[in-house]
Amino acid sequence: MGSNILITGAAGYISKEQAKALSTLGINVLQLDLTDEKAVVQSLLRYNINIVIHCASSINADLALNLITALGKQREASREQTFFIHTSGLSAFYEKTGWPQRETKDTGPVFDLEKQLADSFPIRKTDVAVIEHAKAKGVTSFIVIPSTVYGKGSGEWNKLSVVLPVYIQACISQRAVSKFPENTKVSGVHISDLTALYGRIIQKILQKEPLPSGTEGYYFALAHNLIWWEVLDQLAATLKARGLVTTSDTSIWSDDEAAAEAMGIPIQFVQPLWNSGENIVRKKPDMIGWEPAWDKDDFLGSIDDEIQAVLELSKAKSSLIDSLFESAKG
Ligand SMILES: NC(=O)c1ccc[n+]([C@@H]2O[C@H](COP(=O)([O-])OP(=O)(O)OC[C@H]3O[C@@H](n4cnc5c(N)ncnc54)[C@H](OP(=O)(O)O)[C@@H]3O)[C@@H](O)[C@H]2O)c1
């Protein structure tokens, strides 16, 4: 049997406009409420979907679980293996969300620890639910954990990343660049390298090559490190050169509340969004031949392009931020 791949989260809640744009790429667009289990099962069976790349939410487990249930039914109907690739977040492995402060490799016992600590952070809880539900339904699962994603997408719809644009907009509206008091070392990945990693996983699946999955199926998508103060100093100089801030000097946020307010993010997610990723070691992507093209210097050299993308693509609209507010409510 050939493969049909469903990608969620590539273009939001699919409007006619989005559907039209995507159709020009030869992509079939499904209008599907991912919270409706029955509709999800019907659609996956109807279109013979055997692989799902899930990017719509790392927080709301229900969306992932419905898709996995549907892949389980597809496996029964087709008697062929089915695959679920979940997109998680590095904040699940950050000490301020309750993860132990020590080196974490994606080849280590990540699942066992995530399970122990699942209730204290929603992204961990979702990862564990995904792996366990996939196992119960006989679906092969993978967890891809991107670091800070940057760069302008090349697709037909939303081309702006989320994290850096939110920061850039806060700087522009404050006419100044502020930083957190601790100079953290995190990591980043250009969107084209991240999509290449999903591509490697899909290629291995299609070629029926062995691929670590389930409790062993964590893939840390870290292309290179980022030193935040270095990034923000560069951002301040570049924004000043464009006349978008009043000084190229940076200052320190007075507290997390000020940072949260300026960026429009719930306070409990401000540190996780920016400072997750220290002590995280990528191994698994290398084992399947992932070779990111962008390094730290490329990133620092592209800061002006990041600013330009924010100005061109106006306000960064992201349901990722909306989902943080939903989660913060309760
Ligand atoms: N950006 C990063 O740096 C980063 C880093 C690590 C992990 N992640 C994770 O990667 C995933 C994707 O992030 P992103 O940066 O691509 O965020 P994004 O730009 O907000 O994309 C998420 C997409 O999912 C769509 N969506 C959300 N809920 C949906 C639902 N119930 N039904 C249908 N579509 C839905 C959104 O629709 P709308 O367009 O209508 O909002 C949006 O197009 C998230 O799970 C995020 O936590 C992101």
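Residues numbered from 1 in each chain as written. Predicted model: local features only at pLDDT ≥ 70, side-chain atom pairs only at ≥ 80, totals over all residues. Heavy atoms only, no water.

The protein chain appears in an unreviewed UniProt entry as NAD(P)-binding protein from Viridothelium virens.

K.L.:
Whenever I open this one, the environment of Ile5 confuses me. Can you help?
P.N.:
Checked against the element boundaries, Ile5 lands in strand S1 (residues 5–8). Taking relative accessible area as the criterion, Ile5 reaches 40% and is therefore assigned partly exposed. Between the C-alpha atom of Ile5 and that of Glu326, which follows or precedes it by 321 residues, the distance is 29 Å. Not counting residues up to four positions away in its chain, the partners in contact with Ile5 are Ile51, Ile53 and Ile202. (Helix = DSSP H or I, 4+ residues; strand = E, 2+ residues; numbered from the N terminus. Buried < 20%, exposed > 50% of the residue type's maximum accessible area, 1.4 Å probe, protein only. Contact = heavy atoms within 4.5 Å.)

K.L.:
Could you clarify how one ought to interpret unusual backbone geometry in this entry?
P.N.:
A negative phi holds for most residues other than glycine; trans holds for most peptide bonds. Of note in this structure, Arg175 is not a glycine but carries a positive phi near 55°. Structurally, Arg175 is set in the loop between helix H6 (163–174) and strand S7 (177–179). Even without a glycine there, the phi angle at Asn279 is positive, about 70°. Within the secondary structure, Asn279 sits in the loop between helix H10 (267–275) and strand S12 (280–281). Residue class for Asn279 comes out partly exposed when judged on its relative accessible area of 34%.

K.L.:
Quick question: what am I supposed to make of the nonpolar core here?
P.N.:
As a rule of thumb, soluble globular proteins bury nonpolar side chains together. By size, the foremost hydrophobic cluster in this structure holds 77 residues, and its most contacted members are Phe93, Met263, Ile265 and Trp274. If one sorts the elements of this core by residue count, H6 sits on top with seven residues. Those residues in contact with Phe93, other than ones at most four positions away along the chain, are Trp99, Val110, Glu114, Asp127, Ile145, Tyr218, Phe220 and Ile280. Residues Phe83, Ile85, Ile202 and Ala221 belong to the second largest nonpolar core, which totals 20 residues. (Core = buried A, V, L, I, M, F, W, Y, C linked by side-chain atoms within 4.5 Å.)

K.L.:
So what exactly am I meant to see when it comes to the pattern of salt bridges here?
P.N.:
Where charged atoms from two side chains of opposite charge come close, those side chains can pair. For the structure on display, the rule yields ten salt bridges. Between Glu230 and Lys296 there is a salt bridge, with the nearest N and O atoms lying 3.1 Å from each other. Of the two residues, Glu230 sits in helix H8 (residues 228–241) while Lys296 sits in helix H12 (residues 296–300), which places them 66 residues apart along the sequence. Look at Glu230 and you get partly exposed, because its relative accessible area is 33%. (Salt bridge = Lys/Arg side-chain N within 4 Å of Asp/Glu carboxyl O.)

K.L.:
What am I meant to see in helix H1 (residues 16–23) here?
P.N.:
An α-helical turn contains 3.6 residues, so a residue and the one three or four places further along point in the same direction. Burial in H1 covers these residues: Gln18, Ala19, Ala21 and Leu22. Buried residues of H1, viewed axially, fall in a sector of 165°; they line one side. Structural note: H1 exposes Lys16, Glu17 and Lys20 on the side pointing more than 90 degrees away from its buried face. (Arc of directions from axis to C-beta.)

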